[in-house]
Amino acid sequence: MSLRRISTLGTETAAALIGTVFSAMLLVLTAMNAGPLWRDETNTFNLAHMPSLRDIWNNLPFDSCPLLWLFVLRGCGMLGLTNHDIGIRILGLFVGLFFLASLWLCQHSIGGRAPTLSIALLGGLPAFISIVGANRAYGLASCLLVLSFGTIWRILDSPTKSRILSAGFICLLFTQCLYYDVVFLGAMLAAGALVAIRRRHWKILWTMAGIGLVAGASLLIYLPTFHRLPEYLPFWRSPFFRAATIWNGFGDVLAARSSASNAAANSPQVWIWVGLFLAGIIVAVIMQQARARQTSKGKVTSNSANSDRTDLALFCVTSVIFGIVGYFGYLLKLQFFMQPWYYVEILILCAISLDGILSAGWPEFRPWGLARVGFLALMMTLNAAPAWVEAHTRRSNVDVVAAFLSHNARAGDLIVMQDAWEGITFNRYYRGQAQWLTVPPIDSHDVHRIDLVMPEMNQPEAMTPVLHAITNTLASGSHVWVVGSIPMARWKDAPPGPTPLPPLPSEMPTRWWGGSYLIWWNQQVTTLLLDHAQEGETEPIAAPGPVNHFENVSVARFTGYRPGTE
């Protein structure tokens, strides 16, 4: 190999290393500026640190992940590493850095030079920067997805005993991160089986089946949890769900904006991903056709370099197609509101598959490597500004609100949290003496206790304890503090007087969806305060930096009591 060839091979690697360092810097800044845990992170922390393993098991339906991340978090807590927010952020940083390292390991496993396309597509994406290091199972699941992809290919490349055992172990851990990871693992194993069939390597085919069987069987322990889940699914399901909702969520996660913004945004990156995905499919198909023609002429042997590249392209394109079809079918079945973290793993599978296809199809540096370096520079430029903002965005401002109320709310005052889930975060950070209640009023604020909220939806007078507490507090001359993100305003065209009681779920157009009741219950609180409080004002709450829109709350203070005339 000439010196010039060595130099050009190093150019793409150097560019990918620069992109990796930039992404790592963003992850470091995110860990430094993320601040408090928000409600989902607090939910996971509280579940992992319950007094006993039996308590964790009994409350497992109130989180969205199996046991692996909970055990990691609990183990770190026993070592004193995650007893404070900063420790949890450092753990998340290590997970994010490990993910970047896993991209390089995966490229090494499939015979590539550098994960150029993966770094370009993911390294500066604001949603990735926000999610991969969060105190949730998504970051660890992302790492294990990439490692599973690489180790499965290594079996196809050379099925040694050590490679089979390591792949089986990694795939087993992968399925223990998120319940739907079995979809992605099944897609990768099916792709590996397809390559094995084409090569007529029947032992490898049975190896793929065995890995899938063991990993899938490991989920059988969660059958009691799965049995309880259908009872709670209607609470989360969107009554407005359409098939287009999945596409809209895809565009939302790729929008070049930080999580501090909730405004709709046109994302040209959607079409960049779509175009690159179609290009990858076309290249993979062309490679298969070329191999078929060469095989018919006897020009390709089963162990030639060209054959390996063609098989890698087949493995990659089949993995991503099976993964997309299977996962989107899963989302269609759930019919949830689409959140950014639902898309992280499918984006990662697309990115590493495209890396494999386009690196396998176009291994030379000029012009293809040069094009990959240019694409990396383009994507990093597009994402640099919003990714920088994301790296300085706090997960929540409830800790600031809790500190404010701990100092200003007196004994005898009442704090009303507009959402029981925000009460999970508030319970972690509030140290004051004032009584506080949530909407609806439930007596547990450690995890997402859907089993306590859903019965309240069947009680028309569920808010009576909160409304009585508000009235008594105002009448006694104390303050009522309302904390949340729901506007304190009457419904449009609402008649004077108190808001009527909500109907039963069977009579609601949205049935058991919890959002309708949350809005209705808060309207009861709003009308009571607007009709009977003598004074009301919004308190200025200044957080150090932008705040994630999922938990950016405000505080309103109400004083005095004005009896009604109704």
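The model shown is predicted, which means the values in this text are computed figures rather than measured ones.

Cut-offs used in this document
Residues numbered from 1 in each chain as written. Predicted model: local features only at pLDDT ≥ 70, side-chain atom pairs only at ≥ 80, totals over all residues. Heavy atoms only, no water. Helix = DSSP H or I, 4+ residues; strand = E, 2+ residues; numbered from the N terminus. Rg over C-alpha atoms; globule rule 2.2 N^0.38 Å. Buried < 20%, exposed > 50% of the residue type's maximum accessible area, 1.4 Å probe, protein only. Contact = heavy atoms within 4.5 Å. Areas by Shrake-Rupley, 256 points an atom, 1.4 Å probe, with all protein chains shown as cover. Pairing = 2+ DSSP bridges. Right-handed = clockwise from strand over helix to strand, strands pointing away. Phe/Tyr/Trp six-rings, centres within 6.5 Å; stacked < 30°, edge-to-face > 60°. Axes fitted to C-alpha atoms, helices over the stretch in contact; angles between N-to-C directions. Left-handed = near helix turned anticlockwise from the far one by under 90°. Nonpolar A, V, L, I, M, F, W, Y, C, P; charged D, E, K, R; others polar. pLDDT = per-residue confidence, 0-100. Disulfide = S-S within 2.5 Å.

Attention now moves to the overall build of the chain. Scanning the chain from N- to C-terminus turns up 22 helices and five strands. Scaling as 2.2 N^0.38, a compact globule of 566 residues should have a C-alpha radius of gyration of about 24 Å, and the chain matches this with 27 Å. Dimensions of the chain, computed from C-alpha atoms along their principal axes, come out at roughly 95 × 50 × 45 Å. Per-residue burial over the chain gives 56% buried out of 566 residues. Contacts in the chain between residues far apart in sequence, at least 24 positions, make up 78% of those at least 6 positions apart. A total accessible area of about 24100 Å² is found for the chain, and carbon and sulfur atoms account for 64% of it.

This part takes up the pairing of strand β2 (residues 435–438). Across a regular strand the side chains alternate sides, sitting on one face of the sheet and then on the other. Across four bridges, the pairing between strand β1 (residues 414–417) and β2 is parallel. In the strand pairing of β2, Leu414 is matched with Gln435. Regarding topology, helix α19 (residues 422–429) serves as the crossover connection from β1 to the parallel β2, and that connection is right-handed.

Overall, the coordinates contain 31 aromatic pairs when judged by the stated rule. Arranged with centres 6.5 Å apart and planes meeting at 65 degrees, the rings of Phe240 and Phe337 form a pair that is edge-to-face. Highlighted residues: Phe240 in the loop between α12 (223–236) and α13 (243–253) and Phe337 in the loop between α15 (305–334) and α16 (344–361), separated in sequence by 97 residues. Among the residues examined, Phe337 registers a relative accessible area of 30% and is labelled partly exposed. When the ring of Phe426 is compared with that of Tyr430, the centres are 4.7 Å apart and the planes differ by 15 degrees; the resulting orientation is stacked. According to the relative accessible area criterion, Tyr430 is buried, its value standing at 8%. Among the aromatic residues, those joined into a ring-pair cluster are Trp38, Trp341, Tyr342 and Phe550.

So, on to the packing of helix α9 (residues 161–175) against helix α11 (residues 202–217). Two elements in contact, α9 and α11, have axes whose closest approach is 9 Å; the angle formed by their N-to-C orientations is 35 degrees. Pair α9 / α11 crosses with right-handed handedness. Contacts between α9 and α11 pair Ile164, Ala167, Gly168, Cys171, Leu172 and Thr175 from the former with Thr207, Ile211, Val214 and Ala215 from the latter. Of the residues in the contact of α9 with α11, the class split is seven nonpolar, three polar and no charged.

Attention shifts here to the confidence of the model for the chain. Atom-level detail of predicted coordinates should not be read off regions where pLDDT is low. For the chain, the average pLDDT comes to 92, and 95% of its residues sit at 70 or higher. Here residues 1–8 is modelled with pLDDT under 50, and outside its nearest four sequence neighbours on either side it reaches five contacts, counting other chains as well.

Of all residues except glycine, most have a negative phi; of all peptide bonds, most are trans. A cis amide bond links Val439 with the next residue in sequence, Pro440, at an omega value of -5 degrees. Even without a glycine there, the phi angle at Arg200 is positive, about 60 degrees. Counting through the fold element by element, Arg200 comes out in the loop between α10 (181–199) and α11. A residue is classified by how much of its surface remains accessible, and Arg200, at 63% relative accessible area, is exposed. Look at Arg511: it is not a glycine, yet its phi comes out positive at around 55 degrees.

With that settled, the discussion passes to the state of the cysteines. Under the counting rule described, the total for this entry stands at zero disulfides. Summary of cysteine pairing: Cys76 is not part of a disulfide, and the nearest cysteine sulfur, belonging to Cys143, is at 14 Å. A relative accessible area of 14% places Cys76 in the buried class. Between Cys316, a free cysteine, and Cys106, which holds the nearest cysteine sulfur, the sulfur-to-sulfur gap is 8.0 Å.

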